[in-house]
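Summary of structural features
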Amino acid sequence: MNGMRRGALIVIEGVDRSGKSTQCKKLVDSLKAMSVNADLVRFPDRSTHIGGLIDKYLKQKSHLCDEAIHLMFTANRWEKKEEMERLLKQGVTLVVDRYSFSGIVYSSIKKNMKLHWCQEPENGLLRPDLVFLLTLSENEMAKRPNFGDERYENTETQEKVAKAFLDMSREQGDWEVVPADGTIEDVHKVLLERAVKKIAEVERKSIRN
Ligand code: ADP
Ligand code: 2DT
Ligand code: MG
């Protein structure tokens, strides 16, 4: 085992259009350009069977009760756990576009969905080494391109989501709240610098559950 270095598990969270997908791709590209082994993971992963059901729900082509869709999003993470762990052990850093925190936040803002109930099935999944929370000012939120027509893509939900993410960030270690109003390059520079530091910091540590 001597000489084996593991990859880091780095998650990017935030409201819709905060730049998560843009930043995830750029981060993976820059890490690869620096010869760091890195890969992109996204949740929901719509390519699996469960992911297909989630896709239909998000596109408003199906109805599921709040509890059922919550557990499906969680199952979509559980079905990727083994593969993610294997990659991390092989030294691949995983940059993850949304994770359990989106799962907890988007469900727990719904009526009659308790935070604790939403958190429970996430326990035992791989614990990220670093979570970036991208935040937008109200002004910048209004300037970003229009919402699509998926479920949750409306101002009222997004305001609740933004607040719930911030509340969550106050309770956790390993979170970096990154104001994401700046240019794509400015935000990228901040994320890359912190990610590189974290990758070096955890490479000899064990993977956390
Ligand atoms: P998310 O994945 O968080 O929903 P995206 O990365 O898809 O966000 O970005 C949403 C939209 O905003 C895209 O059109 C993208 O090009 C644009 N965008 C992303 N980052 C910035 C930025 N820093 N400044 C201005 N526009 C941005
Ligand atoms: P994007 O594919 O544009 O990121 O939108 N969601 C996501 C949940 O409700 N629970 C989850 O566990 C996850 C990962 C947020 C995906 C939408 O799905 C929501 C927006
Ligand atoms: Mg996205």
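A short tour of the structure in this document, coming up. (Residues numbered from 1 in each chain as written. Chains lettered and ligands numbered in written order. Predicted model: local features only at pLDDT ≥ 70, side-chain atom pairs only at ≥ 80, totals over all residues. Heavy atoms only, no water.)

1. Notes on the site of ligand 1
Near ligand 1 lie 13 residues; those nearest to it are Arg17, Lys20, Ser21, Thr22 and Gly182. Within the contact set of ligand 1, a nitrogen atom lies 3.3 Å away from a side-chain nitrogen or oxygen of arginine 144. In the environment of ligand 1, a nitrogen atom lies 2.8 Å from a nitrogen or oxygen atom belonging to the backbone of glycine 182. Relative to its unbound accessible surface of 560 Å², ligand 1 loses 69% to contact with the protein. Among the cavities detected, the one that contains ligand 1 is the largest pocket. Counting residues per element, the shell around ligand 1 draws most heavily on helix α1 (residues 20-33), which supplies three residues. Here the shell around ligand 1 is built from residues that sort into three nonpolar, six polar and four charged. (Near = heavy atom within 4 Å. Polar contact = N/O pair within 3.5 Å; in protein donor to acceptor, adjacent residues only side chain to side chain. Areas by Shrake-Rupley, 256 points an atom, 1.4 Å probe, with all protein chains shown as cover. 1 Å grid on protein atoms, 1.4 Å probe; cavity = no way out; pocket = protein on both sides within 12 Å on 5 of 7 lines; lining within 4 Å. Sits in = over half its atoms within 2 Å of the grid points. Helix = DSSP H or I, 4+ residues; strand = E, 2+ residues; numbered from the N terminus. Nonpolar A, V, L, I, M, F, W, Y, C, P; charged D, E, K, R; others polar.)

2. A few points about the pattern of salt bridges
Counted under the stated rule, the structure contains 22 salt bridges. Put simply, aspartate 45 and lysine 80 hold a salt bridge, and the shortest N to O gap is 2.9 Å. Linking aspartate 45 in the loop between β2 (38-42) and α2 (49-58) with lysine 80 in helix α3 (residues 66-89), this pair joins segments that are 35 residues apart in sequence. The burial state of aspartate 45 is the same as that of lysine 80; both residues are buried. Residues aspartate 167 and lysine 163 are paired through a salt bridge, measuring 2.9 Å at the closest nitrogen-oxygen approach. Within this pair, aspartate 167 and its partner lysine 163 are both found in helix α7 (residues 155-169), separated by four residues, close to a single helical turn. The exposure class of aspartate 167 is partly exposed, given its relative accessible area of 30%. Within this structure, Arg46, Asp55, Lys59 and Glu150 form a network of salt bridges that share partners. (Salt bridge = Lys/Arg side-chain N within 4 Å of Asp/Glu carboxyl O. Buried < 20%, exposed > 50% of the residue type's maximum accessible area, 1.4 Å probe, protein only.)

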